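A look at the structure
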Amino acid sequence: MTRPMRGIVHTLRDLARSRPAIRLWMGVLALIVLVALFGPLMAPQDAFAINPLAVLQGPSAAHPLGTDEFGRDLLSRLLIGIRPTMLVALGATAIAAAGGTTLGIFAAYGPNWLGTTIMRGVDVMLSFPPILLALLAVGFWKSGVSSLIIVIGILYIPHFARVAQAATLQVVRQEFIEAEHSMGAPYRRVVATGILPNILSPLVVQATLTLAAAILLESGLSFLGLGIVPPEPSWGQMIGTARGYLGQNPLYVLWPSACLALTVLAINIIGDALRDHLDPRLRQV
Amino acid sequence: MSPLIALVPVVLRRLGTALLQLLAVATLVFAMLFLLPGDPVMILLGQDSNPTPEAVAALREKLGLDRPIAVQYLDWLGGVLRGDFGRSLANDYPVAQYIAQTLPRTLELAVAAILVAVVIGLPVGIAAALRRGTLADSLLTSATTLGISVPVYILGALLILIFAQGLNWLPASGYTDLSRNALEHFRKLVLPAVTLGLGLAASIARMTRASMLEILGRDFVRTLRAKGMGETQIIWQHVLRSAAIPIVTIVGLQLGNLLGGTVLVEALFNWPGLATMLVKAVGDRDYPMVQGAILTIAAAFILINLAVELIYSLLDPRIRRRRQ
């Protein structure tokens, strides 16, 4: 493990020790990650098996959470429905982090004109609701996990760029960077050993925010019927379909809603706590 | 100089920026089709479809894609300036008329949502700040975390289940024209507006609480108390006034999210607004309709931001002076 990575693990451990309530939410998140990894193995039934005789049923012994409009087992669909969402969220966050951090460091550490150009572009992109741009790209290009990863990833590059730029500007002014320069360190080395490790905490916080935002965006698009392609389920898409059957099976909409809300809540709460913990000014209060 | 006259140069400069932003968006909306990988006509006809060469040529001509790009661009900008966004590919109906029909419905929903947000968010934030550290404060603060995290369509579905299906107080979805039945019109507005407004209410409550707490700790508040001014007067006349700027800021910043949220809320409640038109047009690959809808939403967004900045300058003399 590299040094900064170990730092993050330590931080999480500190956090869990100092705030017991956070431990609960970390547990929730761990459970969700487990389901994302092993959900298809846990599913009690075939999530794609259609049964016209058991349509929109409430909970029963055969179907603990009931069935959907095709008589498919809701528990099984719920268990496999998190995986595409998680894939999209993780992939998109990785793209946004890599692209945005690179741009942000260039903007703060590179020549002035480059910085101005990058940050103006960032401002323009940030001033538009991401769901509209995503809607266009997905609608006219193609749906599915891989294109959602690329589209959502690109949409969140500006957020990372802004955070990375602000953090880099602070680090660059410090004396040890000047010292590295005067000792003749190449720019590449200064970025890798001087800047990057020192701007990591705000980036980690931004990553949690982006994860939650990407989950919401994917779910929103799938809710509109423009995200994950059926019959493969995702929680957002299940909610979108279930809204047509609120009268027949109210529980149908509640299960995926509860799962999705809990996931986003867990990520947001841990992210908030992480931000408070990493910001020394807030820690003293 | 009267404060309003001092604002004139600020307003003019901001108007200039807004016009540039509009031009940028119009250009982007034009270029969108060419930025996506692949032949634009094939994108519109669908990736997997197998159209005849005649159909391809017909659509190319209908969209004017057979002309040089510069001509297409100037034509598009000229049309936009005259309020002509072309015609729908689906039924040849002018896009501008669709927009004229749907935009007021979306604006009504958004304005109602902002009202809901302010009416709920401000008192909650003030109450939490005044009872800092009590059980009521932590309950209210947790509720705001929930309000920020829960997606609008989940909130909306819950509200439908409770108030439409459970209690049968309000209609679950749909739209009735104001001229046909005013009461029904507003009954159908309540649930979507509350759904859309609650998230913003949570943001406003959080910001109000934080901002009030900060101002309450300032020296001038201590001085006012020492002078013997009543607590009510201090809160309403002095603290809230100083706390207003960050609150207006958060409302301004969240308006983009609100516009994004209308897409989902309109879909959930079958509200036939601009966002519904956009989603349908994207599904139908009706490109002129998509362009018109996006441009209108972007223009609304830019104008709202303009308004928010002007309100700041009215609220905060310091911002006004810095600009001059």
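Only a predicted model underlies this, so the values are computations on that prediction, with no experimental measurement involved.

Parameters and conventions
- Residues numbered from 1 in each chain as written.
- Chains lettered and ligands numbered in written order.
- Predicted model: local features only at pLDDT ≥ 70, side-chain atom pairs only at ≥ 80, totals over all residues.
- Heavy atoms only, no water.
- Helix = DSSP H or I, 4+ residues; strand = E, 2+ residues; numbered from the N terminus.
- Buried < 20%, exposed > 50% of the residue type's maximum accessible area, 1.4 Å probe, protein only.
- Contact = heavy atoms within 4.5 Å.
- Lys, Arg positive; Asp, Glu negative; His and termini not counted.
- Charge placed at Lys NZ, Arg CZ, Asp CG, Glu CD.
- Salt bridge = Lys/Arg side-chain N within 4 Å of Asp/Glu carboxyl O.
- Axes fitted to C-alpha atoms, helices over the stretch in contact; angles between N-to-C directions.
- Parallel < 35°, antiparallel > 145°, perpendicular 65-115°, else oblique.
- Nonpolar A, V, L, I, M, F, W, Y, C, P; charged D, E, K, R; others polar.
- Core = buried A, V, L, I, M, F, W, Y, C linked by side-chain atoms within 4.5 Å.
- Expected span 1.5 Å × (residues − 1).
- Bend = angle between axes of the 7 residues up to and from the residue.
- Polar contact = N/O pair within 3.5 Å; in protein donor to acceptor, adjacent residues only side chain to side chain.

Another point: the overall build of chain A. Secondary structure summary: chain A contains 13 helices and zero strands in total. Viewed in the frame of its principal axes, chain A has a C-alpha envelope of about 75 × 45 × 30 Å. Across the 285 residues that make up chain A, the buried fraction comes to 49%. Within chain A, contacts between residues at least 6 apart in sequence are counted, and of these 69% link residues at least 24 apart. Distance between charge centres in chain A, computed from 19 positive and 14 negative side chains, equals 6 Å.

Before going further, it helps to spend a moment on the pattern of salt bridges. Here the structure, examined in full by the defined rule, presents four salt bridges over all chains. Close ionic contact of Asp272(A) with Arg206(B) constitutes a salt bridge, the shortest N to O distance being 3.9 Å. Remark: Arg206(B) occurs in helix H8 (residues 182-216) and Asp272(A) occurs in helix H12 (residues 250-278); the pair is interchain, linking two chains. Residue classification places Asp272(A) among the partly exposed positions, given a relative accessible area of 22%. The class of Arg206(B) is partly exposed, set by a relative accessible area of 31%. Note that Arg218(B) and Glu214(B) form a salt bridge whose closest N and O atoms lie 2.9 Å from each other. Judged by its relative accessible area of 38%, Arg218(B) is partly exposed.

As a further point, take the packing of helix H5 (residues 95-130) of chain B against helix H11 (residues 274-284) of chain B. Residue and element names in this part refer to chain B. Between H5 and H11, the shortest axis-to-axis distance is 7 Å and the interhelical angle comes to 130°. Put simply, H5 runs oblique to H11. Residues Tyr 98, Ile 99, Thr 102, Leu 103 and Thr 106 of H5 form the contact with H11, whose participating residues are Leu 274, Ala 275 and Met 277. Looking at the contact of H5 with H11 residue by residue, the classes come out as six nonpolar, two polar and no charged.

Attention now goes to the nonpolar core. Formed by 138 residues in total, the largest nonpolar core has its most connected members in Leu224(A), Tyr153(B) and Leu278(B). Considering every element that reaches this core, the biggest residue donor is helix H10 (residues 231-269) of chain B, with 13 residues. Look past the residues within four positions of Leu278(B) in its chain and what remains in contact with it is Leu132(A), Leu135(A), Val290(B), Ala293(B), Ile294(B) and Ile297(B). Core analysis: the next-biggest nonpolar cluster, separate from the first, contains 14 residues, Ala129(B), Met212(B), Met229(B) and Ile234(B) among them.

Before going further, it helps to examine helix H7 (residues 152-166) of chain B. A rise of 1.5 Å per residue sets the reference length of H7(B), with its 15 residues, at 21 Å; its end C-alpha atoms lie 19 Å apart and thus fit the reference within 8%. Taken as a whole, H7(B) carries its principal kink of about 25° at Ile160(B). Turning to H7(B), its buried residues are Val152(B), Tyr153(B), Ile154(B), Gly156(B), Ala157(B), Leu159(B), Ile160(B), Leu161(B) and Ala164(B). On its buried side, H7(B) packs onto helix H10 (200-223), helix H11 (235-242) and H12 of chain A together with H8 and H10 of chain B. Looking one or two residues past H7(B), Asn168(B) carries a phi angle of roughly 60°, positive in sign.

Attention now moves to the side chain of Thr101(A). Residue and element names in this part refer to chain A. You can see Thr 101 is positioned in helix H3 (residues 74-109). Since its relative accessible area comes to 11%, Thr 101 is described here as buried. Of the polar contacts made by the side chain of Thr 101, one reaches the backbone oxygen of Ala 97; its length is 2.5 Å. With residues up to four places along the chain from it excluded, the contact list for Thr 101 reads Ala 96, Phe 160, Ala 164, Leu 196, Ile 199 and Leu 203.

As far as function goes, none of this settles anything; it's purely spatial.
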